[in-house]
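# A structural walkthrough
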Amino acid sequence: MAKSAKIITLTNFQGYGPVFFPKFQVDQMKVDFHIHSNCSDGELEPRDIIRSAAKVGCEMFSITDHDSIAAYEMLEDDLKGEKPRIVPGCEFSVSWERQEVHVVGLNFDLGSPKLKSAITQQNLTRRNRSVAIAQRLETAGVTDILAKAYSLSGKGPPGRLHFAQALVAKGIVRNIQQAFDRYLGAGQVAFVETSWLSLGEVCEVVQSAGGSAVLAHPLKYGFSNSRLMKLLEDFGLVGGDALEVISGNQNRDNTAHLARLARKFDFAASVGSDFHRPNAPWASIGRLPALPGICRPIWSDWLIKV
Ligand SMILES: [Zn+2]
């Protein structure tokens with residue numbers, strides 16, 4: 001067999017039999033491993049995400065709702081199809097040094113009891129937080145906000161974005177940014193510090209279900225360089241697998257910076273749009289630059305040469 005035609009098997013690919021790819025194709029695959037549906041704070045139905053991904057020729061992708069795998073329950077029939085390829089995913093909220101960061105779990109067993117109970121726990125945390133936020137808003141003079149936030153949150157308990165939308169809808173603030181600046185952001189009257197799972201707990205949950213743990217959008221937390229280094233170090237210590245080296249339409253300098261960090265800390269690299277809704281050109285499904293050559297794509301970890 002010619003070298004360029006080496007065959008690769010995709011392992012742990014739930015809902016399918018083995019999938020074969022020629023090795024030379026793997027590095028150049030069009031992928032998107034960070035997409036939100038309306039099972040969390042995205043706008044599209046999971047089925048419409050599959051359509052959009054197919055339309056742009058996405059070869060592998062993942063719906064990664066916040067602490068939810070409900071999209072996969074809705075898609076059971078679609079998952080049996082040959083194409084496009086969906087990798088099970090979930091974006092976990094994580095408490096790290098009293099701040100919230102996100103870890104995307106990918107390519108895990110959707111039936112894992114440990115994973116399901118972690119998601120149940122996170123949802124309970126989110127539900128309790130929504131009540132606490134509503135109480136604080138109430139104290140600040142904003143009434144009937146919880147019901148409004150629930151009406152906007154679709155299938156899960158409302159997150160801060162839904163409260164922000166509710167505040168806009170009620171005419172209390174002009175826009176989402178103002179809602180965070182005045183009420184919901186860190187240190188504001190309706191900010192509730194939340195105890196999510198820890199970095200180590202999330203890595204354990206994802207990896208025990210056969211999946212990979214990816215630190216989402218490392219540059220979007222607004223951390224100083226030394227704090228980011230500490231986060232990456234801690235993520236490495238608990239066995240994190242990859243960094244999201246490409247997040248949406250970020251600039252080349254950031255991509256190069258993250259690629260170097262992934263290499264320095266010996267992480268694989270992932271790619272994700274963080275798509276939430278159509279008509280947001282900075283985060284469209286599957287329209288992402290290729291990973292820099294120094295990166296080891298996370299999906300190559302799921303592939304075995306035969
Ligand atoms: Zn996200």
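Use the structure listed above.
Below or above, wherever it landed, is the structure these notes cover. Each chain has its residues counted from 1, following the order in which its sequence is written. Totals for whole chains, interfaces and linings use every residue, but because this is a predicted model, local features are given only for residues with pLDDT of at least 70 and side-chain atom pairs only at 80 or more, for both listing and counting.

### A few points about helix α2 (residues 46–55)
- Inspection of α2 places Pro46, Ile49, Ile50 and Ala53 among the buried residues, and these make up the whole buried set. Angularly, the buried residues of α2 cover 100° about the axis, an arc narrow enough to put them on a single face. Across from the buried face of α2, at angles greater than 90 degrees, the exposed residues are Arg51 and Lys55.
- Residues of α2 that are buried make contact with β3 (31–35), β4 (60–63) and α3 (70–74). Exposed residues have 12 or fewer other C-beta atoms within 10 Å of their own C-beta, buried residues have 20 or more, and partly exposed residues fall in between, where C-beta atoms are placed from the backbone. Working definition: helices are DSSP H or I runs of at least four residues, strands are E runs of at least two. Numbering for both runs from the N terminus. To be clear, the arc concerns the directions from the helix axis to the C-beta atoms. C-beta atoms are placed from the backbone for every residue, and two residues are taken to be in contact when these atoms lie within 7 Å.

### A closer look at the pairing of strand β10 (residues 268–272)
- Counting buried positions along β10 gives five out of five residues, so the element sits mostly inside the fold.
- In β10, alternate side chains face the same way, and those of Ala268, Ser270 and Gly272 on one face and Ala269 and Val271 on the other are all buried.
- Two elements, strand β9 (residues 242–247) and β10, share five bridges in a ladder whose sense is parallel. When the bridges of β10 are listed, Glu244 appears paired with Ser270.
- After leaving β9, the chain enters helix α10 (residues 252–264) and then returns to the sheet as β10, a path that is right-handed. Paired strands, as defined in this entry, are two strands with at least two bridges between them according to DSSP. With the strands pointing away from the viewer, any crossover whose connection runs clockwise from the first strand over the helix to the second is right-handed.

### Section: the nonpolar core
- To count as a nonpolar core, a set of buried Ala, Val, Leu, Ile, Met, Phe, Trp, Tyr and Cys residues must be joined through C-beta atoms within 7 Å. Counting residues in each nonpolar core, the largest one holds 64 residues, and the members touching the most others are Val103, Val202 and Val214.
- Top element by residues in this core is helix α8 (residues 199–208). It accounts for five residues.
- Counting 16 residues, the second largest nonpolar core, distinct from the first, contains Phe163, Val173, Ala179 and Tyr183.

### Focus on the environment of Ala164
- Its location among the elements puts Ala164 in helix α6 (residues 160–169).
- On a C-alpha basis, the gap between Ala164 and Gln177 in space is 8.1 Å, while along the polypeptide they are 13 residues apart.
- Discounting chain neighbours no more than four positions away, the residues touching Ala164 are Ile176, Ala179, Phe180 and Leu184.

### A short note on the sheet that holds strand β8 (residues 212–215)
- One open sheet accounts for five strands, arranged β6-β7-β8-β9-β10; its pairing is mixed. Whereas interior strands pair on both sides, the edge strands pair on one side only; in this sheet they are β6 (89–96) and β10. The mean inter-strand angle of the sheet, taken between neighbouring strand axes irrespective of direction, is 40°. Interaxial angles span 0 to 180 degrees and are taken between N-to-C directions of axes, which are lines fitted to C-alpha atoms, for helices over the stretch in contact.

### Description of the sheet that holds strand β5 (residues 85–86)
- Overall, parallel pairing links the three strands, which are arranged β3-β4-β5 in an open sheet. Edge positions in the sheet fall to β3 and β5, since each of these pairs with one other strand and no more.
- Both β4 and β5 contribute to a ladder of two bridges, which runs parallel. Among the inter-strand pairings, Phe61 is bridged to a residue of β5, identified as Ile86.

### As for unusual backbone geometry
- With a phi angle near 45°, Glu97 is a residue other than glycine that sits in the positive phi range.
- The topology assignment puts Glu97 in the loop between β6 and β7 (99–106).
- Here the phi dihedral of Asp144 falls at roughly 50°; this positive angle occurs in a residue that is not glycine.
- Within the secondary structure, Asp144 sits in the loop between α4 (113–139) and α5 (145–152).
- With 12 C-beta atoms counted inside 10 Å, the residue Asp144 sits in the exposed group.

### Some thoughts on the environment of Ala169
- Checked against the element boundaries, Ala169 lands in helix α6.
- Sequence spacing of Ala169 and Lys148 is 21 residues, and the spatial spacing of their C-alpha atoms is 8.7 Å.

### Remarks on the pairing of β6
- Counting buried residues along β6, six of its eight residues qualify, which places the element largely inside the surrounding structure.
- Both β6 and β7 contribute to a ladder of eight bridges, which runs antiparallel. Bridge pairing in β7 places Ser95 opposite Glu100.
- The turn linking β6 back onto β7 is made up of two residues, and Glu97 within it adopts a positive phi angle of 45°.

### Side note on the packing of α6 against helix α7 (residues 176–184)
- Viewed as axis vectors pointing N to C, α6 and α7 meet at an angle of 105°, and their least axial separation amounts to 9 Å. As judged from the angle between their axes, α6 and α7 are roughly perpendicular. Here α6 contributes Arg160, Phe163, Ala164, Gln165, Leu167 and Val168 to the contact with α7, which in turn contributes Ile176, Ala179, Phe180, Tyr183 and Leu184.
- Amino acids outside the nonpolar list (Ala, Val, Leu, Ile, Met, Phe, Trp, Tyr, Cys, Pro) and the charged list (Asp, Glu, Lys, Arg) are all regarded as polar, and Gly is one of them. Here the residues of the contact of α6 with α7 sort into nine nonpolar, one polar and one charged. We call two directions roughly parallel when the angle between them is under 35 degrees, roughly antiparallel when it is over 145, roughly perpendicular when it lies between 65 and 115, and oblique otherwise.

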